[in-house]
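# A look at the structure
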Amino acid sequence: IFAPGTPATYTYNSQALDTYKNEVLEHLEELGTNLLAAGGTFNNIYPWNRISSSFNLPIKVPEVGVKRIKNIGNLIYVLAGTKGNVYYSQGTYAKFLKKIPDQISNNGGTLQASVVTWGGIEAVDGALIFGAGVLTSGNSGVYKLELADNRLTIDQIPTTAGNATALEASSNFYYVGYASG
């Protein structure tokens with residue numbers, strides 16, 4: 001029986017998966033028998049079969065900084081970069097899917113290097129939900145992407161109008177965690 005405070009109940013290996021030097025893994029998700037690791041420093045998702053000493057051919061994402069990944073129906077949905085772009089992958093390449101519109105994420109009229117800060121990610125009722133902190137006041141919160149028709153809506157705005165950094169789905173409902181709430 002696994003007990004986190006009892007090392008005799010598990011094994012630990014700090015050398016199980018190697019990555020490129022200076023890579024920081026941001027998020028993990030399963031796809032079939034592979035464990036996918038989102039690389040936050042470069043533009044890679046690293047598929048690992050959990051046995052080999054290294055990953056398989058990485059999935060290249062067109063933006064640096066893969067922050068969150070979610071498997072829904074054997075498609076991986078990817079939140080990467082800082083411009084509000086969402087990608088998807090079947091496990092070999094990443095393709096653009098949707099963007100949080102500029103008038104929603106940054107209506108200030110000035111170019112910014114970092115427009116979106118990604119929060120949590122989850123699936124609920126056949127849709128992808130994710131947290132996003134954006135520059136436009138009052139538009140940070142939970143975004144819902146309907147996968148059937150790629151319709152994107154703002155689903156929840158926390159009372160403090162902050163980024164929804166944690167999401168937990170239960171049935172057709174979800175819980176939201178954010179700074180101070």
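## Focus: the overall build of the protein chain
Helix and strand counts for the protein chain stand at 1 helix and 14 strands. In terms of C-alpha radius of gyration, the protein chain reaches 17 Å, essentially the compact-globule figure of 16 Å for 181 residues. A principal-axis box enclosing the C-alpha atoms of the protein chain has dimensions of 50 × 35 × 30 Å. Across the 181 residues of the protein chain, 43% fall into the buried class. A fraction of 38% describes how many contacts in the protein chain between residues 6 or more apart in sequence connect residues 24 or more apart. On the protein chain, roughly 9900 Å² of surface is accessible, and the fraction owed to carbon and sulfur atoms is 53%. One finds the centroid of the 12 positive side-chain charges in the protein chain at a distance of 6 Å from the centroid of its 13 negative side-chain charges.

## Comments concerning the sheet that holds strand β3 (residues 44-48)
If you walk across this open sheet you meet the 4 strands as β1-β2-β3-β4, and the pairing is antiparallel. Each edge of the sheet is formed by a strand with only one pairing partner; in this case those strands are β1 (25-31) and β4 (59-60).

## Here we look at the packing of aromatic side chains
Overall, the coordinates contain 8 aromatic pairs when judged by the stated rule. Their ring planes at 80 degrees and their centres at 5.6 Å tell us that Y20 and F55 sit as a pair that is edge-to-face. Of the two residues, Y20 is situated in the segment before β1 and F55 in the loop between β3 and β4; the sequence distance between them amounts to 35 residues. Accessibility expressed as a relative area gives 40% for Y20, which makes it partly exposed. F55 gets classed as buried once you look at its relative accessible area, which sits at 16%. Taken together, the ring pairs in this structure connect Y20, F42, Y46 and F55 into an aromatic cluster.

## Quick look at unusual backbone geometry
Apart from glycine, the bulk of residues carry a negative phi angle, and the bulk of peptide bonds sit in the trans form. At R50, a residue that is not glycine, the phi angle is positive and equals roughly 75 degrees. Mapped onto the elements, R50 comes out in the loop between β3 and β4. A relative accessible area of 37% places R50 in the partly exposed class. A positive phi angle is found at N150, which is not glycine, with a value near 60 degrees.

## Focus on the pattern of salt bridges
Enumeration according to the criterion identifies 7 salt bridges in this entry. With a shortest N-O distance of 4.0 Å, K70 and E29 are connected by a salt bridge. With a gap of 41 residues between them, K70 in strand β5 (residues 66-72) and E29 in strand β1 connect regions that are remote in the sequence. Since its relative accessible area comes to 17%, E29 is described here as buried. One salt bridge in this structure joins K144 and E146, with 3.7 Å as the shortest N-O distance. Ionic contacts of the salt-bridge type, sharing partners, join the residues E29, K70 and E122 into one network.

## Overview of the nonpolar core
Of all hydrophobic cores here, the largest spans 17 residues; its most connected members are V86, W118, L128 and F130. When contributions to this core are tallied by element, the ones reaching two or more residues are β6 (75-80), β9 (116-124), β10 (127-134) and β11 (141-146). Here this core gets 4 residues from one element, more than from any other, and that element is β10. Not counting chain neighbours up to four residues away, the residues in contact with L128 comprise K70, I72, Y77, V86, I121, E122, Y143, K144, L145 and L147.

## A look at the side chain of T136
Locating T136 in the fold gives a position in the loop between β10 and β11. Only 3.2 Å separates the side chain of T136 from the backbone oxygen of I104, close enough to count as a polar contact. Those residues in contact with T136, other than ones at most four positions away along the chain, are Q103, I104, S105, N106 and N107.

The rules behind each value
- Residues numbered from 1 in each chain as written.
- Predicted model: local features only at pLDDT ≥ 70, side-chain atom pairs only at ≥ 80, totals over all residues.
- Heavy atoms only, no water.
- Helix = DSSP H or I, 4+ residues; strand = E, 2+ residues; numbered from the N terminus.
- Rg over C-alpha atoms; globule rule 2.2 N^0.38 Å.
- Buried < 20%, exposed > 50% of the residue type's maximum accessible area, 1.4 Å probe, protein only.
- Contact = heavy atoms within 4.5 Å.
- Areas by Shrake-Rupley, 256 points an atom, 1.4 Å probe, with all protein chains shown as cover.
- Lys, Arg positive; Asp, Glu negative; His and termini not counted.
- Charge placed at Lys NZ, Arg CZ, Asp CG, Glu CD.
- Pairing = 2+ DSSP bridges.
- Phe/Tyr/Trp six-rings, centres within 6.5 Å; stacked < 30°, edge-to-face > 60°.
- Salt bridge = Lys/Arg side-chain N within 4 Å of Asp/Glu carboxyl O.
- Core = buried A, V, L, I, M, F, W, Y, C linked by side-chain atoms within 4.5 Å.
- Polar contact = N/O pair within 3.5 Å; in protein donor to acceptor, adjacent residues only side chain to side chain.

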